[in-house]
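# Coordinate analysis (summary)
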Amino acid sequence: MKKKWSIEKIFWLFLMVFSILIVLFPIYIMFKYSISDRASWITGGKYPIPWWPFDPNFEMYNYYLSDGRFWSSAWFSVKIAFLTIIISMGLGAPAAYALARFKFWGIGIVLFLILSVRMFPDVSSVLPVAQFFNLDFVYHLPITLKVAMGHTLLGLPYIILIAIGVFQTIPIDLEEQAQVMGATKFYAFTRIILPVALPGLAAGAIYVFLLSWNEFVFSYFITATSIADVIPLPVYLKTLLGAFSPNPVSIATLSLLVSMPVIIFTFIVQKYMIAGATAGAVK
Amino acid sequence: MAGLRLEHIQKKYPNGFEAVKDLSIDIKDGEFVSLVGPSGCGKSTTLRMIAGLEDISGGKLLIGDKLANNVASKDRGIAMVFQSYALFPHMSVAANIGFGLKINKVDKKIRNDKIEWALDLLDLNGLGDRKPSELSGGQRQRVALGRALVLDPEVLLLDEPLSNLDAKLRVKMRTELKRIHKQLKSTIIYVTHDQAEAMTLSDRIAIMKNGDLMQIGSPTEIYTRPANRFVAGFIGSPPMNFLEGELAHENGNNVFINKDVKYVLPASMKSYIETNISQKEVVLGMRPEDLAISLTPATNGIEGVSIITETLGSDDFVAVEVGKKLFSVRTEPGSNFPTDKKVYLTPAEDKLHLFNNDNATDDAKVRFA
């Protein structure tokens, strides 16, 4: 008779709890610091509960959240992130489809060129990119678009790579069936392949959102060399930190504030990432 | 519904490989024709050429007397069911079935009527709103069939549609397909590697090997008068028993001789041998059910040793060692034939098969029916 609590089960349970703690621990520390008062962050907190501040308060949160520029920067970052997703998906998905389905001479070269964009560190390519956005025909584009285009440069290789993988898992039978029934390749792509590929592409979209939201180097240079009265959030945060060494409460609060939208966004798109979307199509 | 004609159809790939060499088949309106053969024989390639998914390297394809080589798939009047069904997973059953109609901009009311008709015909009533992932294998297969049937195609192409079903369901769906064929009188081209499926479903069977047509004829013809050794060995389960040897003449009779066997061929075969046998090396074939087995010596028989018996319920099969070959002989169920005994096999004289032993091409003789 099998015991309900075998040694093996206890071990795995322990391992699971341990892993969760390791992941959540830094977030907890950040949270603890963000609600700390001055005495707490110098000494480390209340005793005999050393992990909780003496006088928890949300003052730092109030301070930053009541700052108008914080909100305008955050909104700016959101707009940029979504625009980046739209541009990189719009370019990347059809490109990936072509690379996944069609065999043409030079396909290896094309793939290498696309991926080689990411071989260069951001800092080494940022100056030429920023200069590009100063050129006459580009300069007068809205700043949101310019930053989004810059972010697309960074995110497009990943989108293409992810999308190629997604399209390759979709059986070609679906397209052949549509073709035999009279659908054009475009119709088959938009009405059949894309809906089936949605969960996989959503993963790519989340990645690009994160990339854009956190992007500092490109955002900084592109906005600095252009006329920008609103700047993306990471750049704005840098301006807040100033010359003096910032207190941990500020940093913790800002970090959590920046992380929040990402967590919320991920929860929302999670339902589109249900595995097994293609189950039932074949066999 | 219309007929279909393949005239010297050829498929050659850029690297020189010929998947289909020279195929000519005339399919009549309303006929159910199966393309059967081992993997790689070219049957699926042929079907795909008919569907328009592969270019035709040579020859003519005529659908309903119209040249269709360069006609787009959707204008050929065909509908195809894939081995994997290829149901669109994000669409409901009804949407799947109505897909072809929607693309061709059929009026919504007519479309819905046709979908209802298909659901009813295939026993899928009430499942219209379900997604493919919520259906069983047999139901999915019927949805794929329904999707093809609503288009009212001239020719229906089926690519191993039953391969993914379990044995019991396969037998049930075979009957369903036959019923639908009878009801709709559709022209159907059916690709399968399962010879039993082809035998039970088809009006005619076309057997292919390595891109060549080995024989085409009705199931009975193929079974009783196979044109060559390949067809003889491919159709029928358990397969036909073969003996390789030489054709000799003794006392005005044709005699089959090899290391272990000397068998006098019946006089009734004389004319057949004169017309068809062109060489000394021959293959003698006998089906398990056409052999009588006995412990008493026979004057003109084949000697062997009984090894084991297998019971299938409706038949018993005795494995007999003849020289180095293993023969399968059918006996009455429950007869419990003794094993490890010297036995004598007497074939039914009107059921013997004799072929040229052309090992080089393994028989290029093709029969048309």
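Everything quoted here is computed from the prediction, not taken from an experiment.

### What about the confidence of the model for chain A?
All names here are of chain A. Overall, the predicted model of chain A reaches an average pLDDT of 81, with 86% of residues at or above 70. Mean pLDDT across the elements of chain A ranges from a minimum in helix H2 (residues 38-43), with 68, to a maximum in helix H9 (residues 172-180), with 91. Overall, residues 275-283 carries pLDDT values under 50, and its contacts beyond four positions in sequence, including any with other chains, amount to 29 contacts.

### Description of the environment of B:Val320
Residue and element names in this part refer to chain B. Secondary-structure assignment places Val320 in strand S17 (residues 316-322). Residues Val320 and Ile308 lie twelve residues apart in sequence; the distance between their C-alpha atoms is 7.6 Å. Apart from the residues within four sequence positions on either side, Val320 is in contact with Gly304, Val305, Ser306, Ile307, Phe327, Val329, Val343 and Leu345.

### Points about the sheet that holds strand S18 (residues 325-331) of chain B
Residues and elements named next belong to chain B. With antiparallel pairing, five strands are arranged side by side in an open sheet as S15-S19-S16-S17-S18. Among the strands making up the open sheet, the edge pair consists of strand S15 (291-294) and S18. The mean angle between the axes of side-by-side strands here comes to 45°, regardless of whether they run parallel or antiparallel. When strand S16 (residues 302-311) meets S17, the two strands line up antiparallel, connected through six bridges. When the sheet's bridge partners are listed, Ile308 is paired in S17 with Ala319.

### A short note on the domain arrangement of chain A
All names here are of chain A. Domain parsing of chain A yields domain 1 (1-57) and domain 2 (67-274). Taken together, the six residues of domain 1 in the interface contact seven residues of domain 2. Residue composition of the side of domain 1 that touches domain 2, grouped by class: four nonpolar, two polar and no charged.

### Side note on the sheet that holds strand S5 (residues 66-67) of chain B
All names here are of chain B. Strand order across the open sheet formed by four strands is S2-S1-S4-S5, with antiparallel pairing between neighbours. Where the open sheet ends on each side, the last strands, each with one partner, are strand S2 (18-27) and S5. Relative to S2, strand S1 (residues 4-12) runs antiparallel, the two sharing six bridges. Residue pairing in the sheet places Lys11 in a bridge with Val20 of S2.

The rules behind the values
- Residues numbered from 1 in each chain as written.
- Chains lettered and ligands numbered in written order.
- Predicted model: local features only at pLDDT ≥ 70, side-chain atom pairs only at ≥ 80, totals over all residues.
- pLDDT = per-residue confidence, 0-100.
- Helix = DSSP H or I, 4+ residues; strand = E, 2+ residues; numbered from the N terminus.
- Contact = placed C-beta atoms within 7 Å.
- Pairing = 2+ DSSP bridges.
- Axes fitted to C-alpha atoms, helices over the stretch in contact; angles between N-to-C directions.
- Domains from an automatic or database assignment.
- Nonpolar A, V, L, I, M, F, W, Y, C, P; charged D, E, K, R; others polar.

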